[in-house]
There are 2 protein chains.
Amino acid sequence: MSALRAILFDIDDTLFSTTEFARHARRNAVEAMIERGLKLDADTVLRELDEVISEFGSNYAHHYEKLLQRLPPEALAGLNPSLVISAGIVSYHDTKFQELKPFADVAPLLADLRAAGMHLGVVTHGWTVKQAEKLVRLRLLRFFDPLAVIISEQVGISKPNPKLYAKALRELDLPASEVLYVGDNPTHDIAPPQSLGMRAAWIKRAAKHDLAGTGIQPDHVVEDFEGLRTVLREVYGIAV
Amino acid sequence: MSALRAILFDIDDTLFSTTEFARHARRNAVEAMIERGLKLDADTVLRELDEVISEFGSNYAHHYEKLLQRLPPEALAGLNPSLVISAGIVSYHDTKFQELKPFADVAPLLADLRAAGMHLGVVTHGWTVKQAEKLVRLRLLRFFDPLAVIISEQVGISKPNPKLYAKALRELDLPASEVLYVGDNPTHDIAPPQSLGMRAAWIKRAAKHDLAGTGIQPDHVVEDFEGLRTVLREVYGIAV
C-alpha cells in the first residue's frame, strides 16, 4: 500500500451537521415570523416551509415569499408580508452566523493532520459562494490547500461525476492511490473516488443514506472523526 | 393649520447613515480579501469595487465576482477566487449584522412620538426584502404601523412618483394635510409629498444633495432628529 499523502473531505453532513443546522435555523425563522404576527402554529408553518424547499430546491432565493403565498390569507390579516418575510430571513441568517460550527472533533483532527504533513482539501457539491462561505464561517479554511478546494459550480462538474475528484488530484499533483476521500453519501462520496483508484472512508454520524443494497463497499467505515483518526493512525501509520 | 396625525420617514441616510455604513462595510470586505491572500493594497481594491458598484448598481448580486475579473491576474496568483470572494462577502455581512445602527437620536424621538399618540410609517425606495431587513436590523420596526411601511418594489411604484406617498395616506386613512414626510433627498423626499398637500421636512445631516438651484422649498429644514423634535414641539404642539 502506497503512503497516504492527502485527504479530501466533503462538507455537508461530514464537516458539520447540515441537516440538524438547517432544521434549527428554519425553526428560528418560523418563530420570528410568528413573533412578527403570523397567525399560525410553528409546526404547521415549518411543514409548509419544508415542502416549499423540497419543491423549489434548497438554493432557490424566494422560499419565504412562496411560503406566504401558500398560507391561508387569514394568517396574514393586518400584516405587511414583507416585514414577516424579513423577520424570517433575518432570524435564519442570524442563526447561520452565530451557530454554524463544525462537529467538535473536526478541527482537532485537521490541525493534527496538518502538523503531520498531510495535504488537505475539499471536494463539494453546490453553489460556489455558498459552499466557500460555509468553510469561512466554520473557520476551517486555514487547514486546506486553497487550490484543493473544489466546488462543483466553480469547475462546472457535478457530483457524482469522477472528473470532479480528478480535478482535485491534478491540483494536488498526486496519484489517486495516495489520496483518501471522506464523506457521508455512498453514491456521491464513496463510489466515484474509488472508480479513480482513490480510497474512500464513509462517515456514518450524519449520513442520511445507508449502504444496504447499493453494492458500494467503502475502504473504511467510521462513526466520526475520532474513528477516522484511529484508521489514519493504525492503517496508514499517520502520527495523529 | 390642521393638527399633525402621522409622520412618514425615508430610511436611507434619514434613519441611519447608509453612505458611511456602506463605506465601512466595503473596506472591511476588502481587508478580509487581502487577508485571504489578494495581492493589492486596500485603496486600489476599494476604488475598483466602488466602480463596479456604480457600473452594475448597488443591488447587483455579483459585485465581488466582477471585482476579481477586473483585477490584474497576478493579484490572484495561487489563490482560489471563490475563497477570496467569500471572505469579502462574509466580512461585509458580518459588518452589516454587527454595526447597522440608527442615528443615536432616532429611536428616542420615535418612542416619544408613539407615546404622544402619533402614527408613524415609512415610505422608502428599494428592494422589498432589503429595505424591510434594514428596519428589522435597525430595531425600529416596533415604532411603525406595519401597513404604513411602504416599499417601492412591494407596491410597484418608484420614488419620486407621488402615488407611492399617496399609498401611505390611504393605509393611514388620513388627509395629506395631517401628515409630515421626513427625508434627506430634495427631489425624492420633499417635492413629491408636497405635491399631494403633505408637509415635508428636509433632514440635512447625511444629505448628499443640496437644495440650491432645485427650486424646492421644504416646510422645515433640520440638522438631525433633535432639530426635528424642536419643530414638532414648537410648530405642531406635539408633546415631545
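Structure: see above.
Below: a short report on this structure. (Residues numbered from 1 in each chain as written. Chains lettered and ligands numbered in written order. Predicted model: local features only at pLDDT ≥ 70, side-chain atom pairs only at ≥ 80, totals over all residues. Heavy atoms only, no water.)

**A closer look at the relation of the copies chain B and chain A**
Okay, step 1: The transformation that overlays chain B on chain A combines an axial shift of 0.0 Å with a rotation of 180°, and the residual RMSD is 0.0 Å. Within this description, the copies of the chain are treated as partners about a two-fold rotation axis.
Okay, step 2: Looking at chain B, 100% of its interface residues are interface residues in chain A too, so the copies touch through the same face. (Least-squares fit on C-alpha atoms with pLDDT ≥ 70 in both. Contact = heavy atoms within 4.5 Å.)

**Observations regarding the packing of aromatic side chains**
Okay, step 1: Taken as a whole, this structure holds 11 aromatic pairs over all chains when the rule is applied.
Okay, step 2: Between Tyr165 of chain B and Tyr181 of chain B, the ring centres sit 5.4 Å apart and the planes meet at 85°, which makes this aromatic pair edge-to-face. Here Tyr165 of chain B, found in helix α8 (residues 162–172), pairs with Tyr181 of chain B, found in strand β4 (residues 179–183); they are 16 residues apart in sequence, far enough to count as distant.
Okay, step 3: Each member of the aromatic cluster is reached from another via a ring pair, and the members are Phe9, Phe144 and Phe225 of chain A.
Okay, step 4: For the cation-ring pair, Arg205 of chain A lies above Phe103 of chain A, with the distance from its terminal atom to the ring centre recorded as 3.8 Å. (Phe/Tyr/Trp six-rings, centres within 6.5 Å; stacked < 30°, edge-to-face > 60°. Helix = DSSP H or I, 4+ residues; strand = E, 2+ residues; numbered from the N terminus. Lys NZ or Arg CZ within 6 Å of the ring centre and 35° of its normal.)

**Here we look at the pattern of salt bridges**
Okay, step 1: The full count for this structure, using the stated rule, is 35 salt bridges over all chains.
Okay, step 2: Residue Lys167 of chain A pairs with Glu171 of chain A through a salt bridge whose shortest N-O separation is 3.5 Å. Taken together, the residues Lys167 of chain A and Glu171 of chain A, both in helix α8 (residues 162–172) and 4 residues apart, mark about one turn of the helix.
Okay, step 3: According to the relative accessible area criterion, Lys167 of chain A is partly exposed, its value standing at 23%.
Okay, step 4: Between Arg70 of chain B and Glu55 of chain B there is a salt bridge, with the nearest N and O atoms lying 3.0 Å from each other. Residue Arg70 of chain B is found in helix α3 (residues 63–70), and its partner Glu55 of chain B is found in helix α2 (residues 42–56); the two are separated by 15 residues along the sequence.
Okay, step 5: For Arg70 of chain B, a relative accessible area of 27% puts it in the partly exposed group.
Okay, step 6: Each of Glu48, Glu51, Glu55 and Arg70 of chain A takes part in a single network of salt bridges with overlapping partners. (Salt bridge = Lys/Arg side-chain N within 4 Å of Asp/Glu carboxyl O. Buried < 20%, exposed > 50% of the residue type's maximum accessible area, 1.4 Å probe, protein only.)

**Remarks on the interface of chain B and chain A**
Okay, step 1: Across the boundary between the two partners, chain B contributes 28 residues, which contact 28 residues of chain A.
Okay, step 2: A buried area of about 2300 Å², summed over both sides, lies between chain B and chain A, and 67% of it is on carbon and sulfur atoms.
Okay, step 3: Together, Leu83, Val90 and Val129 of chain B form the three largest contributors to the area buried by chain B at its contact with chain A, with a combined 21%.
Okay, step 4: The interface formed by chain B and chain A contains 2 salt bridges.
Okay, step 5: Per element, the largest residue contribution to the side of chain B that touches chain A is 11 residues, and it comes from helix α4 (residues 81–99) of chain B.
Okay, step 6: Of the residues contributing to the side of chain B that touches chain A, the split by class is 16 nonpolar, 7 polar and 5 charged. (Buried area = accessible area lost by both parts, 1.4 Å probe. Nonpolar A, V, L, I, M, F, W, Y, C, P; charged D, E, K, R; others polar.)

**Remarks on the pairing of strand β5 (residues 199–203) of chain B**
Residues and elements named next belong to chain B.
Okay, step 1: The element β5 is extensively covered by neighbouring structure, given that 5 of its 5 residues are classed as buried.
Okay, step 2: Alternating positions in β5 separate into two faces, Arg199, Ala201 and Ile203 on one and Ala200 and Trp202 on the other, with burial throughout.
Okay, step 3: With 4 bridges connecting them, β4 and β5 associate as parallel partners. Within β5, the residue paired with Gly183 across the bridge is Trp202.
Okay, step 4: A crossover connection joins β4 to the parallel β5 through helix α9 (residues 186–195); in handedness this β-α-β unit is right-handed.
Okay, step 5: Across 3 bridges, the pairing between β5 and strand β6 (residues 220–222) is parallel. Looking at the pairing, Ile203 lines up with Val222 of β6. (Pairing = 2+ DSSP bridges. Right-handed = clockwise from strand over helix to strand, strands pointing away.)

**Comments concerning the packing of helix α1 (residues 18–35) of chain A against helix α2 (residues 42–56) of chain A**
Residue and element names in this part refer to chain A.
Okay, step 1: Two elements in contact, α1 and α2, have axes whose closest approach is 10 Å; the angle formed by their N-to-C orientations is 125°. Accordingly, the angle class assigned to the pair α1 and α2 is oblique. The element α1 and its partner α2 pack so that their crossing is right-handed. Where α1 abuts α2, its residues Arg26, Arg27, Val30 and Ile34 lie against Ala42, Asp43, Val45, Leu46, Leu49, Asp50 and Ile53.
Okay, step 2: When grouped by side-chain class, the residues that make up the contact of α1 with α2 number 7 nonpolar, no polar and 4 charged. (Axes fitted to C-alpha atoms, helices over the stretch in contact; angles between N-to-C directions. Parallel < 35°, antiparallel > 145°, perpendicular 65-115°, else oblique. Left-handed = near helix turned anticlockwise from the far one by under 90°.)

**Examining the packing of α2 of chain B against α3 of chain B**
All names here are of chain B.
Okay, step 1: α3 packs onto α2 with a crossing angle of 125° between their chain directions and a minimal axis gap of 9 Å. Viewed along their axes, α2 and α3 adopt a mutual orientation that is oblique. Judged by the sense of rotation from one axis to the other, the crossing of α2 with α3 is right-handed. Residues Val45, Glu48, Leu49, Glu51, Val52, Ile53, Glu55 and Phe56 of α2 pack against His63, Tyr64, Lys66, Leu67 and Arg70 of α3.
Okay, step 2: The residue makeup of the contact of α2 with α3, split by class, is 7 nonpolar, 1 polar and 5 charged.

Without other data, these values stay purely geometric and don't point to any function.
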